[in-house]
Amino acid sequence: MSEKKVITDSGIEIKKVYTEAEVKPERPGEFPYTRGVHEGMYRDKPWTMRQYAGFSTAEASNERYHFLLGQGVTGLSVAFDLPTQIGYDSDDPMANGEVGKVGVAIDSIEDMERLFKGINLEQVSTSMTINATGFILLAFYIALAKRKGADIRKIAGTIQNDILKEYAARGTYIYPPKPSMRLITDIFEYCSREVPKWNTISISGYHIREAGSTAVQELAFTLANGKAYLKAALEKGLDINVFAKRLSFFFNAHNHLFEEVAKFRAARRIWAKITTDLGATHPDAQKLRFHTQTGGSTLTAQQPMNNIVRVTIQTLAATLGGTQSLHTNGFDEALSLPTEQAAGLALRTQQIVAEESGICDTVDPFAGSYYIETLTNEVEAEAWKMIEKIDAMGGAVSAVEQGFMQEQIAASSYAYQQAVERKEKIIVGVNKYVSAETTSIPIMKIDDSIQQTQIEQLSRFKANRDPEIINALLSTIQEKAATKENLMPFVIEAVEQHCTLGEIAHALRKVWGEHA
């Protein structure tokens, strides 16, 4: 009788037993960093525990942040609503019905001030999931830090700022690829000089995976995008040994524990080679540091309490894989934004794993496992094949423009769904162990009155400005956009002088147009 063939979600065949593996005699903290970017890893310091939060108004989100800080989070992670993500103020007709729904609405520096009321920006690390308008939100944050008397050289955090994956997988882009890449390299240059502790980009595989990619595709497309950002910065004349130190990554953690661990280990090894090949000699410029979020697309509306177990498995995958920070999803997120109870339980999941499981006791505990070492090598080899194919197309920007990444992700998503429908891929509670019982759990609802509240605040804000000053500042940004001058100082001045997010985004739309 022939044995059933077992494969990972990326199609890598899994043997019944592993008896040998090629194990490189390296140590954690040593090139190519397969075993971790720091010698002591979690023995020295556990990963940063973040909870992704942002909804409704700045005041409501601020209340959630204070709750999370009180529960023991060590870093904040901000979600923005859709209008903020794509450059529309809350009073724009394009924002109608979306204000405050999937994140917090931020139109002005006053909104930013309300968002971080009572929070010392020098003592908290803030991650902002924002891309097309990332340069404006960073400007708000820097301007707020200055207003609060903080030293901007001491503020720390990360801005996602990864536009290539927006074209490939997510869709919240504004401008065409080339001017978008210019904004990103302007941020690299400005922050390396003025805000040295800020991670200027979080190159994101998370949304690639959420769109339906395999683990190997997530790895390959993310690192190919990273390579494109490196090349763009080098073409601008920046020093890779300076700006590459502040690049970080953002990966997804799914349910196949072993493939996910192998993916994270392979990622460090591949990135070390990519950066070295492009001239990086400083170890900190060669190291792949990453944040992980548990897989939102793996959560089910059916039997939602099962998601607690899924998130726990994914937490183990991320930490056994050596993540630097982690966000754990609430079990109710297939139904709504997480309630306070669900967010608290998600944080406790991380804390229990850190304090009670023994994961922090030793570095890279899977090292030397025949299975993990072989799988790491196989994931790496498959990812390199795809990166080399992208290189042959002219790099990630060309691959996106030709639709290659989009087509690959769509094909993988379709194949996965077909496997679920054929019950070749089991989802407990969905296509096996299905129950007719319904689980009644509280869900969070965003009141539609939020939009009117936000519009009224924005109207008062705009009424207290000098229109001539606003127009002059926006005209300057447009003029500088047509040159090679760094835009960040002009955007920061504009937000300090009360220009809104939508006004700045629209000013650049007039110069660069929109990506179609």
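From a predicted model like this one, the values you see are computed outputs, not experimental measurements. Throughout this document, residue positions are counted from 1 along each chain, in the order its sequence is written. Where totals are concerned, whole chains, interfaces and linings use all residues; where local detail is concerned, this predicted model gives features only for residues with pLDDT of at least 70, and gives and counts side-chain atom pairs only at 80 or more. Side-chain measures here rest on the full set of heavy atoms in the structure, leaving out hydrogens and waters.

As a further point, take the environment of I136. Mapped onto the elements of the fold, I136 is located in helix α4 (residues 134-147). Along the sequence, I136 and S248 sit 112 residues apart, while their C-alpha atoms lie 20 Å from each other. Contact partners of I136, with chain neighbours within four places excluded, come to V491, V495, L501, I504 and A505. Counting from the N terminus, the helices are the DSSP runs of H or I reaching at least four residues and the strands are the DSSP runs of E reaching at least two. Contacts: residue pairs with any heavy atoms within 4.5 Å of one another.

Buried means the residue's accessible area, taken with a 1.4 Å probe over protein chains only, is under 20% of the maximum for its type, while exposed means over 50%, and partly exposed covers the values in between. Residues I201 and I203 point to one face of strand β6 (residues 201-204) and S202 and S204 to the other, with burial holding for every one of them. When DSSP finds two or more bridges between a pair of strands, those strands are recorded as paired. With 4 bridges joining them, β6 and strand β7 (residues 247-253) adopt parallel strand pairing. By the bridge assignment, I201 is partnered in β7 with L247.

This next bit is on a nonpolar patch on the surface. Exposure above 30% relative accessible area and the lack of any salt bridge qualify a residue for a patch; like charges then connect within 9 Å, and the nonpolar side chains Val, Leu, Ile, Met, Phe, Trp and Tyr within 5 Å. Surface exposure here means Shrake-Rupley accessible area, sampled with a 1.4 Å probe, where a residue is shielded only by the protein chains that are shown. When a carboxyl oxygen of Asp or Glu is within 4 Å of a side-chain nitrogen of Lys or Arg, the pair counts as a salt bridge. Nonpolar side chains collect at one region of the surface, where I426, V428 and Y433 lie side by side and expose about 270 Å² of accessible area between them. Locating I426 in the fold gives a position in the loop between α16 (404-421) and α17 (449-463).

Going from F31 to P32, the amide bond is cis rather than trans, its omega being 5 degrees. Although it is not a glycine, M41 sits at a positive phi angle of roughly 40 degrees. Tracing the backbone through its elements, the reader meets M41 in the segment before β1 (48-53). A relative accessible area of 9% means that M41 is categorised as buried. One non-glycine residue, N161, lies in the positive phi region at around 60 degrees. The class of N161 is buried, set by a relative accessible area of 3%.

We now examine the state of the cysteines. For this text, the term disulfide refers to a pair of cysteine sulfurs within 2.5 Å. For the coordinates displayed, the defined rule picks out 0 disulfides. You can see C191 has no disulfide; the closest cysteine sulfur is in C499, sitting 20 Å from it.

Here we have 9 strands laid out as an open sheet, ordered β5-β4-β3-β2-β1-β9-β8-β7-β6, and parallel in their pairing. On the outer flanks of this sheet lie β5 (198-199) and β6, each paired with one strand and no other. Examined bridge by bridge, β1 and strand β9 (residues 325-327) share 3 bridges and lie parallel to one another. Note that in β9 the partner of M49 across the bridge is L326. As a rule, the C-alpha atoms of each element are fitted with a line to give its axis, helices using only the stretch in contact, and angles between N-to-C directions run from 0 to 180 degrees. Its contacts with the sheet put helix α8 (residues 215-235) on β6 and β7, and the angle it makes with β7 is roughly 165 degrees. The strands that helix α12 (residues 306-320) touches are β7, β8 (290-294) and β9; relative to β8, the one it contacts most, it runs at about 165 degrees.

Close approach of charged atoms allows side chains of opposite charge to pair. Going through the model one piece at a time under the given rule, you end up with 29 salt bridges. Note that E260 is salt-bridged to K263, the shortest N-O span being 2.8 Å. Linking E260 with K263, this pair stays in helix α10 (residues 257-277), spanning 3 residues, or about one helical turn. Considered together, E260 and K263 belong to a single accessibility category, that of buried residues. Residues participating in the shared-partner salt-bridge network are R35, R265, D364 and E373.

Turning to the packing of α12 against helix α13 (residues 340-356), a few remarks are in order. Helix-helix packing is characterised by the crossing angle of the two axes and by the distance between the axes. One can describe the packing of α12 onto α13 by two numbers: an axis separation of 10 Å at closest approach and a directional angle of 45 degrees. Relative to α13, the element α12 lies oblique. Of the two possible hands of crossing, α12 and α13 adopt the one that is right-handed. Residues I308, T312, T315, L316 and T319 of α12 form the contact with α13, whose participating residues are L345, T349, Q350 and V353. For classification, angles of less than 35 degrees are called roughly parallel, those exceeding 145 degrees roughly antiparallel, those between 65 and 115 degrees roughly perpendicular, and all remaining angles oblique. By definition, turning the near helix anticlockwise from the far helix through less than a right angle yields a left-handed crossing, and turning it clockwise yields a right-handed one.

The subject of this paragraph is the nonpolar core. To qualify as a nonpolar core, a set must consist of buried Ala, Val, Leu, Ile, Met, Phe, Trp, Tyr and Cys residues joined through side-chain atoms within 4.5 Å. The biggest cluster of nonpolar side chains holds 138 residues, and the ones touching the most others in it are M112, F116, M128, F135, L223 and I504. Residues contacting M112, with those up to four places away along its chain left out, are I106, M128, L137, F140, Y141 and L144.

Counting buried residues in β7 gives 7 out of 7 residues, a clear majority hidden from the surface. The side-chain alternation of β7 yields two buried faces, one formed by L247, F249, F251 and A253 and the other by S248, F250 and N252. Here β7 pairs with β8 via 5 bridges, running parallel. Paired with F250 across the two strands is H291, which belongs to β8.

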